[in-house]
Amino acid sequence: GAVVSQHPSWVICKSGTSVKIECRSLDFQATTMFWYRQFPKQSLMLMATSNEGSKATYEQGVEKDKFLINHASLTLSTLTVTSAHPEDSSFYICSAYTSGTYNEQFFGPGTRLTVL
Amino acid sequence: RKEVEQDPGPFNVPEGATVAFNCTYSNSASQSFFWYRQDCRKEPKLLMSVYSSGNEDGRFTAQLNRASQYISLLIRDSKLSDSATYLCVVRAAGFQKLVFGTGTRLLVSP
């Protein structure tokens, strides 16, 4: 159990376009989902925390108007990178948390974004 | 100063060797501690939680020293498949947010 999926697994887009990444908890309901970003040879950096039905909480330095997060249900959160630029190229990873049986975060497989 | 600090390595060891990684954290309010493993271009996966009394899982032993704010991971009898980046992770009490170290890269060679 406790499987988290992400879609797409990789995406290449042109500068100025928007990209939507989906994160789904497949076999449990996630009260909270987290979005991380990882640049090469660096650690995961938390971008934002989203709770179902409420606005996401963004970490300092992360532009909420650029990285739109929607957590419409207990099994789905989306991250939209608006007007993407080459410096947004990174590995985006989501995690889903439940305080129920597991009480831990489970990570999705990540989405590799390349902006040309 | 980073909230979680690790030696980035890489640590190059032969198969069968014992290797130890260290980690320090700055937030004294941290309550939960973990070691994650991350393979290249993959998501991190929980290796083990770390408890104050120390804990062991097969070839892996984790230790926590709250007074020194120091966490360690010992890997015995290294296997080729242990090659990966090991991430030290902490969580403050009352929060779900995980804070990751930059990771220590391990390369096990034949």
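See above for the structure.
On a predicted model such as this, the values are computed, not experimentally measured, just so you know. Starting from 1, residues in each chain are numbered consecutively following that chain's sequence as written. Throughout, the order in which chains and ligands are written sets their labels, letters from A for the former and numbers from 1 for the latter. Where local features are concerned, this predicted model is filtered to residues with pLDDT of at least 70; where side-chain atom pairs are given and counted, the filter is 80 or more; whole-chain, interface and lining totals use all residues. Side-chain measures here rest on the full set of heavy atoms in the structure, leaving out hydrogens and waters.

Residue and element names in this part refer to chain A. In this text, helices come from DSSP runs of H or I with a minimum length of four residues, and strands from runs of E with a minimum of two, each type numbered from the N-terminal end. Tracing the chain through its elements places methionine 47 in strand S5 (residues 45–51). For the pair methionine 47 and lysine 66, spaced 19 residues apart in sequence, the C-alpha separation works out to 12 Å. Each residue touching methionine 47, except ones within four places of it in the same chain, is listed here: Trp35, Tyr36, Arg37, Thr57, Tyr58, Glu59, Val62, Phe67 and Tyr92. Should any heavy atoms of two residues lie within 4.5 Å, those residues are counted as being in contact.

Next up on the list: the layout of surface pockets. Estimated volume of the largest pocket: approximately 800 Å³. Lining the largest pocket are 30 residues, with Gln38, Pro40, Lys41 and Gln42 of chain A together with Thr85 of chain B positioned closest to its centre. Elements represented by at least two residues in the lining of the largest pocket include exactly strand S9 (90–98) of chain A together with strand S1 (4–6), strand S9 (84–92) and strand S11 (104–109) of chain B. Of the residues belonging to the lining of the largest pocket, the class tally is eleven nonpolar, eleven polar and eight charged. Only protein atoms enter the 1 Å grid, on which a cavity is a set of points fitting a 1.4 Å probe that cannot get out and a pocket is an open set with protein on both sides within 12 Å along at least 5 of 7 lines, lining residues being those with an atom within 4 Å of a point. Grid points are joined across faces, edges and corners, and a volume is the space filled by probe spheres set on the points. Quantified by volume, the second largest pocket comes out at close to 420 Å³. Along its surface, the second largest pocket is lined by 22 residues, and Leu44, Met45 and Leu46 of chain A together with Val99 and Phe100 of chain B are the ones closest to its centre. Listing elements by their share of the lining of the second largest pocket, those giving two or more residues are strand S4 (32–38) and S5 of chain A together with strand S10 (98–100) of chain B. Within the lining of the second largest pocket, the residues separate by chemical class into eleven nonpolar, six polar and five charged. Under this grouping Gly is polar, as are all residues other than the nonpolar Ala, Val, Leu, Ile, Met, Phe, Trp, Tyr, Cys and Pro and the charged Asp, Glu, Lys and Arg.

Turning next to the interface of chain B and chain A. With 14 residues of chain B in contact, the opposing surface of chain A contributes 17 residues. Buried area is a sum: the accessible area each of two parts loses on coming together, probed at 1.4 Å, counted once for each and added. Taking both sides of the interface into account, the surface hidden between chain B and chain A amounts to around 1400 Å²; carbon and sulfur atoms contribute 54%. Salt bridges are identified by distance alone: a Lys or Arg side-chain nitrogen within 4 Å of an Asp or Glu carboxyl oxygen. Applying the counting criterion to the chain B and chain A interface returns one salt bridge. Measuring nitrogen to oxygen at the nearest pair gives 2.8 Å for the salt bridge that ties lysine 97 of chain B to glutamate 59 of chain A. We define a polar contact as two N or O atoms separated by no more than 3.5 Å, with the added condition that, inside protein, one atom must be a possible hydrogen donor and the other a possible acceptor, whereas residues neighbouring each other in sequence contribute only through side-chain atom pairs. Linking chain B with chain A are three residue pairs in polar contact (both at pLDDT 80 or more). Considering only residue class, the side of chain B that touches chain A consists of six nonpolar, four polar and four charged.

Disulfide: a covalent bond formed between the sulfur atoms of two cysteine residues. To count as a disulfide, a pair of cysteine sulfur atoms needs to be within 2.5 Å. As enumerated under the stated definition, the model contains two disulfides over all chains in all. Note on cysteine connectivity: cysteine 23 of chain A is disulfide-linked to cysteine 94 of chain A, with sulfurs 2.0 Å apart. Around the S-S axis, the bridge from cysteine 23 of chain A to cysteine 94 of chain A shows a dihedral of about 80 degrees and counts as right-handed. With cysteine 23 of chain A in strand S3 (residues 19–25) and cysteine 94 of chain A in strand S9, the pair connects residues that are 71 residues apart, well separated along the chain. Only protein chains enter the accessibility calculation, which uses a 1.4 Å probe; a residue is then buried when its area is under 20% of its type maximum, exposed when over 50%, and partly exposed in between. Classification of cysteine 94 of chain A by relative accessible area gives buried; the value is 0%. Residue cysteine 23 of chain B pairs covalently with cysteine 88 of chain B via a disulfide, S to S 2.0 Å. Because the torsion about its S-S bond is -75 degrees, the bridge between cysteine 23 of chain B and cysteine 88 of chain B counts as left-handed. In this pair, cysteine 23 of chain B is assigned in strand S3 (residues 19–25) and cysteine 88 of chain B in strand S9, connecting sequence segments 65 residues apart. Assigned by exposure class, cysteine 23 of chain B and cysteine 88 of chain B land together as buried. Cysteine 13 of chain A carries a free sulfur, and the closest cysteine sulfur to it, the one in cysteine 94 of chain A, is 18 Å from it. Judged by its relative accessible area of 9%, cysteine 13 of chain A is buried.

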